[in-house]
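# Structural overview for review
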Amino acid sequence: MMMRSTNAICLVAFIVVAAAATLTTTTTEAAAASPAAAEFLQGRCSPSVMPKVIARHCYDSLLPEAGSFNGSSIRVIGAATELMVANFRSLLAELRKLNGTKQYKLGKCAEQAAEFEPGPGKKEPEKLAKIRALAAMGDDNKVEYVYDISSWMDEMDMKFSRDCQPEMKAVPDADKLLPTKAVMYPSILVVQGLVSGYTPPRSEMTYP
């Protein structure tokens, strides 16, 4: 995972703090996770594999699902990925609404978000399919494609930072017009951190 500048991390920290009000974690939902499940999630959302503010976002956003992980790191990655995909789809709807006004240039951002748009006959991204298959099995030994997934997330981070963020930055009142913007990049960094920090439960691994 590439090192980011202090300014970049500070910017992400600001984004996550601003997005805190949008998180849907409630006391009732949090109570559904046992102490052991919450502790397991906290171990996955570790500042040792992602910036501290992103680790907090990771924990807060995934806590409602903690009871379903059953000690599987792959399932944590799967849940984080589904949240990222949902954010991309919400962002796409917001971008298209703005694009309809023809006041803003948001084509590159919309193009990246559209990769996750469902539809008849539309094939989901190959790496997303792999993550979903691994998460469904919940077997942390089956990580043959973890390096491919890591490269995919690094590329997604690069594209979003290079193409999407500058386009959104040029939109006046972007935080109001694009509410998903606040959680979009943090959700990418969560998946990236979980994948890059993943440690398989056995030392012998095979790769294609």
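Each chain has its residues counted from 1, following the order in which its sequence is written. Since the coordinates come from a predicted model, pLDDT governs what is reported: local features require at least 70, and pairs of side-chain atoms require 80 or more to be given and counted, while whole-chain, interface and lining totals use all residues. Heavy atoms from the whole structure form the basis of all side-chain values; hydrogens and water molecules are not counted.

Taking an unreviewed UniProt entry as the reference, the protein is identified by name as Pectinesterase inhibitor domain-containing protein belonging to Sorghum bicolor.

So, about the packing of aromatic side chains. Only Phe, Tyr and Trp rings take part, Trp by its six-membered ring, and two of them pair if their centres are within 6.5 Å. Stacked means planes under 30 degrees apart, edge-to-face means over 60, and tilted covers everything else. Within this structure, the stated rule accounts for four aromatic pairs. Look at Phe88 and Phe116: their rings are 4.8 Å apart centre to centre, the planes differ by 15°, and that puts the pair in the stacked class. Residue Phe88 is located in helix 5 (residues 73-99), and its partner Phe116 is located in the loop between helix 6 (107-114) and helix 7 (126-137); the two are separated by 28 residues in the primary sequence. Of the two residues examined, Phe88 and Phe116, each falls in the buried class. Grouped by ring-pair contacts, the aromatic residues Phe88, Phe116, Trp152, Phe160 and Tyr185 constitute a single cluster. By the criteria applied, helices consist of DSSP H or I runs no shorter than four residues and strands consist of E runs no shorter than two, each listed in order from the N terminus. Only protein chains enter the calculation, and the probe is 1.4 Å; a residue is then buried if its accessible area is under 20% of its type maximum, exposed if over 50%, and partly exposed in between.

Here the focus is the packing of helix 5 against helix 10 (residues 181-196). Geometry is summarised by axes, namely lines fitted to C-alpha atoms with helices restricted to the contacting stretch, and by angles between N-to-C directions that run from 0 to 180 degrees. Close contact between helix 5 and helix 10 brings their axes to 9 Å; oriented N to C, the two are set at 155°. By the angle between their directions, the pair helix 5 and helix 10 is classed as roughly antiparallel. Relative to helix 10, helix 5 is oriented so that their crossing is left-handed. For the pair helix 5 and helix 10, contact is made by Val76, Ile77, Ala80, Thr81, Met84, Asn87, Phe88, Leu91 and Glu94 and by Lys181, Val183, Met184, Ser187, Ile188, Val190, Val191, Leu194 and Val195, respectively. The classification used treats Ala, Val, Leu, Ile, Met, Phe, Trp, Tyr, Cys and Pro as nonpolar, Asp, Glu, Lys and Arg as charged, and all other residues, Gly among them, as polar. Its residues assigned to classes, the contact of helix 5 with helix 10 shows 13 nonpolar, three polar and two charged. Here the word oblique covers every angle except those under 35 degrees (roughly parallel), over 145 (roughly antiparallel) and from 65 to 115 (roughly perpendicular). Crossings are assigned a handedness: left-handed for a near helix turned anticlockwise from the far helix by less than a right angle, right-handed for a clockwise turn. Whether two residues are in contact is decided by their heavy atoms: any pair within 4.5 Å suffices.

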